Amino acid sequence: MVILSYIPVAMIGLIVSIISISQKNNAYSLYHAKQALTLYICVLAAALICLPLCFLCIGFPLLIAAQVCALALCVLGIINASSDQCKPWPLIDKLVEKWFGKIQKV
């Protein structure tokens, strides 16, 4: 479940992240699900910001850069999850604690 939460193909990761957060039965999977869900929210926000900028021809390069960064973070998350590590990401960790900090293991 932890590795699947980082898979960005066909919204599989988003669905698995939401399911893992709603179950709240494992602190390890909850940690990674919160990170993955925050990543998906940030990517969606970046895409929505880049969409109007496409008319200025700067939106496409920014969107591609955002997607490459998101893919790199997904790979980093998969590596951390497969090696049983809970390392926070530099940019997203503050947002994870702000948005999902109150969600704890039951």
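Predicted model only: the values in this text are computed from it and were never measured. (Residues numbered from 1 in each chain as written. Predicted model: local features only at pLDDT ≥ 70, side-chain atom pairs only at ≥ 80, totals over all residues. Heavy atoms only, no water.)

A closer look at the overall build of the chain
Looking only at helices and strands, one finds four helices and zero strands in the chain. Mapped in sequence order, the helices and strands of the chain form the string α-α-α-α. In terms of overall dimensions, the chain is globule-like: its C-alpha atoms have a radius of gyration of 14 Å, near the 13 Å expected for 106 residues. Taken along its principal axes, the extent of the C-alpha atoms in the chain is 50 × 25 × 25 Å. Taken over 106 residues, the chain has a buried fraction of 32%. For the chain, contacts bridging at least 24 residues in sequence account for 67% of all contacts bridging at least 6. (Helix = DSSP H or I, 4+ residues; strand = E, 2+ residues; numbered from the N terminus. Rg over C-alpha atoms; globule rule 2.2 N^0.38 Å. Buried < 20%, exposed > 50% of the residue type's maximum accessible area, 1.4 Å probe, protein only. Contact = heavy atoms within 4.5 Å.)

Topic: the confidence of the model for the chain
Mean pLDDT for the chain: 84, with 98% of residues reaching 70 or above. Mean pLDDT in the chain bottoms out at helix H1 (residues 12–23), which sits at 79, and peaks at helix H3 (residues 59–82), which reaches 89. (pLDDT = per-residue confidence, 0-100.)

Focus: H3
For an α-helix, 3.6 residues make a turn, and residues three or four places apart therefore share a direction. With 24 residues, H3 ought to run about 34 Å at 1.5 Å a step, and its terminal C-alpha atoms sit 34 Å apart, in line with that. Asp84 sits one or two positions beyond H3 and adopts a positive phi of about 55 degrees. (Expected span 1.5 Å × (residues − 1).)

Let's talk about the packing of helix H2 (residues 27–53) against H3
As a packed pair, H2 and H3 sit with axes 9 Å apart at the nearest point and diverge in direction by 175 degrees. Between H2 and H3, the crossing angle belongs to the class labelled roughly antiparallel. Together, Tyr28, His32, Leu39, Val43, Ala46, Ala47, Cys50 and Leu53 of H2 and Gly59, Leu62, Leu63, Ala66, Gln67, Ala70, Leu73, Cys74, Asn80 and Ala81 of H3 make up the contact between the two elements. Of the residues in the contact of H2 with H3, the class split is 14 nonpolar, four polar and no charged. (Axes fitted to C-alpha atoms, helices over the stretch in contact; angles between N-to-C directions. Parallel < 35°, antiparallel > 145°, perpendicular 65-115°, else oblique. Nonpolar A, V, L, I, M, F, W, Y, C, P; charged D, E, K, R; others polar.)

Quick look at unusual backbone geometry
Located in the positive-phi region is Cys57, a residue other than glycine, with phi close to 65 degrees. Mapped onto the elements of the fold, Cys57 is located in the loop between H2 and H3. The phi dihedral of Asp84 is positive, around 55 degrees, even though this residue is not glycine. By the element assignment, Asp84 lies in the loop between H3 and helix H4 (93–100). Residue class for Asp84 comes out exposed when judged on its relative accessible area of 61%.

A word on the packing of aromatic side chains
Under the criterion given, the structure shown has one aromatic pair. Judged by centre distance (5.7 Å) and plane angle (55 degrees), the rings of Tyr6 and Trp89 are tilted. Placement of Tyr6 in the segment before H1 and of Trp89 in the loop between H3 and H4 is noted, with a sequence separation of 83 residues between them. Overall, the relative accessible area of 0% leaves Tyr6 in the buried class. (Phe/Tyr/Trp six-rings, centres within 6.5 Å; stacked < 30°, edge-to-face > 60°.)

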